Amino acid sequence: MTENLTRMCPHCDAALPDGAKYCANCGAFVAGDGENTFESAKTFVMNSAAEAEAAARGLMKDENAQKIAGAAAVGAVAAILLPISMATGALIGGGIMAYNRFAKKA
């Protein structure tokens, strides 16, 4: 059954020939023959998580992103504490953010 599986590059999703240590498409280092599918998946997930964390840290330096994240947190708390749906909680959080933003202008 495993003979039909093709190894894929975790960086560009190109098919890899057996025993490849570098991707012919993007040139990224890929694991050799000794790495199993579980280890490949774990490496891919860990790399993706690190990239997502770096992107989130960059976004959180932006004032508007901080406001949106705060409003989403308020909405999530409202949805957990009150017997209402997540959508209603998000609307409440968005309403609080909008009120704070426009109340300062008035």
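These notes cover the structure that comes with them. (Residues numbered from 1 in each chain as written. Predicted model: local features only at pLDDT ≥ 70, side-chain atom pairs only at ≥ 80, totals over all residues. Heavy atoms only, no water.)

**A closer look at the nonpolar core**
One broad trend across soluble globular proteins is that nonpolar side chains are buried collectively.
Right, on to step 1. With 6 residues, the main nonpolar core is built from Cys9, Ala14, Leu16, Ala20, Cys23 and Val30.
Right, on to step 2. With residues up to four places along the chain from it excluded, the contact list for cysteine 9 reads Ala14, Leu16, Cys23, Cys26 and Val30. (Core = buried A, V, L, I, M, F, W, Y, C linked by side-chain atoms within 4.5 Å. Buried < 20%, exposed > 50% of the residue type's maximum accessible area, 1.4 Å probe, protein only. Contact = heavy atoms within 4.5 Å.)

**Side note on the pattern of salt bridges**
Right, on to step 1. In this structure the tally under the stated criterion is 2 salt bridges.
Right, on to step 2. Note that glutamate 53 is salt-bridged to arginine 57, the shortest N-O span being 2.8 Å. One end of the pair, glutamate 53, and the other, arginine 57, are both in helix α1 (residues 37–59), 4 residues apart, so they sit about a helical turn from each other.
Right, on to step 3. Judged by its relative accessible area of 41%, glutamate 53 falls in the partly exposed class.
Right, on to step 4. We classify arginine 57 as exposed; its relative accessible area is 55%.
Right, on to step 5. Glutamate 63 is paired through a salt bridge with lysine 67; the nearest N and O atoms lie 3.4 Å apart. Here glutamate 63 and its partner lysine 67 are both found in helix α2 (residues 63–81), 4 residues apart, which amounts to about one turn of the helix. (Salt bridge = Lys/Arg side-chain N within 4 Å of Asp/Glu carboxyl O. Helix = DSSP H or I, 4+ residues; strand = E, 2+ residues; numbered from the N terminus.)

**Some thoughts on the packing of aromatic side chains**
Right, on to step 1. Within the structure shown, the criterion is met by 1 aromatic pair.
Right, on to step 2. With centroids separated by 5.5 Å and ring planes inclined at 70°, the aromatic side chains of tyrosine 22 and phenylalanine 29 adopt a geometry described as edge-to-face. Exposure class is identical for tyrosine 22 and phenylalanine 29. Each is exposed. (Phe/Tyr/Trp six-rings, centres within 6.5 Å; stacked < 30°, edge-to-face > 60°.)

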